[in-house]
Amino acid sequence: MIIFFSCVAIGLCLLMALPLVRCLFGPTVLDRLIGVNAIGSKTVVLLLLIGFLYERVDMFVDIALAYAFLNFVAVIAASRYFHKRKGLYEESFMD
Amino acid sequence: MDILVIICLVLGFLFFLGGAVGILRMPDFYSSLHPAGKLDTLGILAMVMGLALYNLHHFSLEAVLVSIKMFLIVFFVFLSSPTATHSIVDAGMRAGLRPWTQKKGKE
Amino acid sequence: MVSANGPAQGSESAEKETGFSFFPFLITFVLMFVTWIVLSGKFDALLLGLGVISSLMIAYFFHDLLFPNVKPGVMRVCFKFLQFIPWLILEIVKANFHLLFLVFHPRMKEMIDPHIIVFKTNLKSDLAITTLANSITLTPGTITVTASRDGVFRVHAIDRPSAESLPGVMLEKVANVFGETL
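My aim in this report is to walk through the structure given alongside it, one point at a time. (Residues numbered from 1 in each chain as written. Chains lettered and ligands numbered in written order. Predicted model: local features only at pLDDT ≥ 70, side-chain atom pairs only at ≥ 80, totals over all residues. Heavy atoms only, no water.)

**Examining the overall build of chain C**
Summing up its helical and strand segments, chain C has 10 helices and 3 strands in all. Along chain C, from the amino end to the carboxyl end, the secondary structure elements read α-α-α-α-α-α-α-β-α-β-β-α-α. Counting only residues that meet the buried cut, chain C has 37% of its 182 residues in that class. A total of about 10,600 Å² of accessible surface is found on chain C, and carbon and sulfur atoms cover 68% of it. (Helix = DSSP H or I, 4+ residues; strand = E, 2+ residues; numbered from the N terminus. Buried < 20%, exposed > 50% of the residue type's maximum accessible area, 1.4 Å probe, protein only. Areas by Shrake-Rupley, 256 points an atom, 1.4 Å probe, with all protein chains shown as cover.)

In structure tokens, the structure reads:
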């Protein structure tokens with residue numbers, strides 16, 4: 001079972017490369033934000049898997065919980081920060 | 001029991017893979033939010049459920065508490081993920097980004 | 001909780017003036033204390049005492065933040081909401097497989113058709129509007145863009161089938177949970 005967990009953890013690490021591409025080459029800031037959010041939600045599961053590998057789940061589950069909170073707060077803060085930038089690309093069409 | 005855990009983990013991995021591929025393949029960020037925001041949420045649900053089941057192998061009070069904490073993570077993600085998605089969409093709308101549509105793509 | 005329900009209903013007019021009601025205070029305290037126990041995981045007298053003190057302080061300061069107005073039918077709403085959750089999860093899983101199929105399809109750019117639809121509902125309370133908006137966002141294929149207070153929803157849908165199914169069953173379920181008229 002430990003071997004299977006290691007395989008899943010390595011697979012998740014490889015999977016993080018795909019949103020990282022979007023993070024690096026995204027055309028707008030919001031594309032990069034989506035990439036960061038996706039990487040963060042994979043990291044929560046990865047932390048739990050690391051906890052099982054080191055047999056310290058009781059400690060790592062707290063870290064994963066705090067990381068989920070931090071991920072949420074980071075996305076909210078960043079998107080609120082870019083809220084006021086009118087005309088990132090084109091003219092506004094909501095009005 | 002182990003088989004159930006493996007099924008959960010593989011299913012969650014599949015959802016994560018779909019989310020990651022979808023972020024790369026979708027034409028603009030409004031439509032790439034669909035796989036990013038929700039396939040990831042369901043991936044977390046499946047994987048953490050599997051891990052919580054595996055954690056209950058050695059039944060004790062501490063194991064039950066750790067499993068409850070894992071469900072707390074799932075509950076929190078289910079509350080926060082729509083909020084984060086909505087926040088990003090709102091920022092894009094106020095910045096005036098026009099959504100990609102089928103007609104515009106064919107031009 | 002049931003025993004505290006009686007006096008909270010009876011002296012509702014008096015509470016509005018003083019700004020302190022007992023029932024939200026009790027619920028907040030119990031919720032905070034359960035969270036403390038789950039997160040700490042130890043049952044020493046010292047830790048439990050600290051938990052009681054801090055939960056009391058938080059419940060005293062923020063009792064009007066979490067449950068601002070408690071109506072008599074709140075237990076029924078909670079019960080109906082618990083019945084709503086399994087249906088929602090089943091719907092999420094079904095729609096997720098559809099989105100997964102869409103993502104891995106080789107000719108995806110021809111199959112998707114993103115557009116924005118606008119529809120109006122008669123939902124009144126904030127909680128119902130929030131629940132409907134979050135449920136729409138969690139169901140793949142649709143994202144709530146704006147949800148105004150008088151019940152107008154703008155929804156970004158990724159293709160035609162997920163857009164057509166929208167204001168139907170989910171709105172009925174949410175209206176049923178919160179006892180609103182359609």
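**Here's the deal with the nonpolar core**
In terms of nonpolar packing, the biggest core is built from 69 residues, with Leu12, Val45 and Leu49 of chain A, Leu51 and Met70 of chain B together with Leu132 and Phe153 of chain C touching the most fellow members. A total of 9 residues in this core trace back to one element, the largest contributor, which is helix α2 (residues 29-55) of chain B. Discounting chain neighbours no more than four positions away, the residues touching Leu51 of chain B are Phe5, Leu48, Leu49 and Phe52 of chain A together with Leu9 and Met70 of chain B. Ile23, Phe29 and Tyr30 of chain B together with Val145 of chain C belong to the second-largest nonpolar core, a separate cluster that totals 17 residues. (Core = buried A, V, L, I, M, F, W, Y, C linked by side-chain atoms within 4.5 Å. Contact = heavy atoms within 4.5 Å.)

**Notes on the interface of chain A and chain B**
Between chain A and chain B, the contact holds 49 residues from the first and 45 residues from the second. When the two sides are added together, the surface that chain A and chain B hide from each other amounts to roughly 4,400 Å², 77% of it contributed by carbon and sulfur. Here Lys42 of chain A makes a salt bridge to Asp40 of chain B, at a shortest N to O gap of 3.7 Å. Between the two partners, chain A and chain B, sit 5 residue pairs in polar contact (both at pLDDT 80 or more). Breaking the side of chain A that touches chain B down by element, the ones donating at least two residues are α1 (2-15), α2 (17-25), α3 (29-54) and α4 (57-81) of chain A. (Buried area = accessible area lost by both parts, 1.4 Å probe. Salt bridge = Lys/Arg side-chain N within 4 Å of Asp/Glu carboxyl O. Polar contact = N/O pair within 3.5 Å; in protein donor to acceptor, adjacent residues only side chain to side chain.)

**A short note on α3 of chain A**
Residue and element names in this part refer to chain A. The first and last C-alpha atoms of α3 sit 37 Å apart over 26 residues, in line with the 38 Å expected at 1.5 Å per residue. Across the 26 residues of α3, 19 count as buried, placing the element largely inside the fold. Positive backbone phi, at 60 degrees, marks Glu55, one or two positions downstream of α3. (Expected span 1.5 Å × (residues − 1).)

**Points about helix α6 (residues 74-103) of chain C**
Between its terminal C-alpha atoms α6 of chain C stretches 41 Å, which fits the 44 Å expected from 30 residues at 1.5 Å a residue. Of all the residues in α6 of chain C, the buried ones are Phe84, Leu88, Ile92, Ala95, Asn96, Leu99, Leu100, Leu102 and Val103 of chain C.

**What to know about the pattern of salt bridges**
Residue and element names in this part refer to chain C. Going through the model one piece at a time under the given rule, you end up with 5 salt bridges over all chains. The salt bridge partner of Glu91 is Lys94, with a shortest N-O separation of 3.8 Å. On the criterion of helical spacing, the pair formed by Glu91 and Lys94 is a turn pair, its members being 3 residues apart in helix α6.

**Brief notes about the environment of Tyr30 of chain B**
Residue and element names in this part refer to chain B. Summarising the element assignment, Tyr30 is placed in helix α2. Along the chain, Tyr30 and Ile88 lie 58 residues apart, while their C-alpha atoms are 9.0 Å from each other. Of the polar contacts made by the side chain of Tyr30, one reaches the backbone oxygen of Gly92; its length is 3.5 Å.

**With respect to the interface of chain C and chain B**
Note on interface size: it is often stated as the accessible area lost on association of the parts. Listed per partner, the contact involves 35 residues of chain C and 36 residues of chain B. When chain C packs against chain B, the two sides together hide about 3,100 Å² of surface, and 76% of this comes from carbon and sulfur. Applying the counting criterion to the chain C and chain B interface returns 0 salt bridges. Taken together, the connections running from chain C to chain B amount to 7 residue pairs in polar contact (both at pLDDT 80 or more). Sorting the residues of the side of chain C that touches chain B by element identifies α3 (22-40), α6, α7 (108-111), α8 (126-138) and β2 (142-147) of chain C as the ones contributing at least two each. Counted by class, the side of chain C that touches chain B contains 21 nonpolar, 11 polar and 3 charged residues. (Nonpolar A, V, L, I, M, F, W, Y, C, P; charged D, E, K, R; others polar.)

**Section: the packing of α6 of chain C against α8 of chain C**
Residue and element names in this part refer to chain C. The interhelical angle for the contact between α6 and α8, taken along N-to-C directions, is 25 degrees, at an axis separation of 10 Å. What the angle tells us is that α6 and α8 run roughly parallel. Residue-level inspection shows Phe81, Phe84, Leu88 and Ile92 of α6 in contact with α8, the latter providing Thr131, Ser135 and Leu138. Of the residues in the contact of α6 with α8, the class split is 5 nonpolar, 2 polar and no charged. (Axes fitted to C-alpha atoms, helices over the stretch in contact; angles between N-to-C directions. Parallel < 35°, antiparallel > 145°, perpendicular 65-115°, else oblique.)

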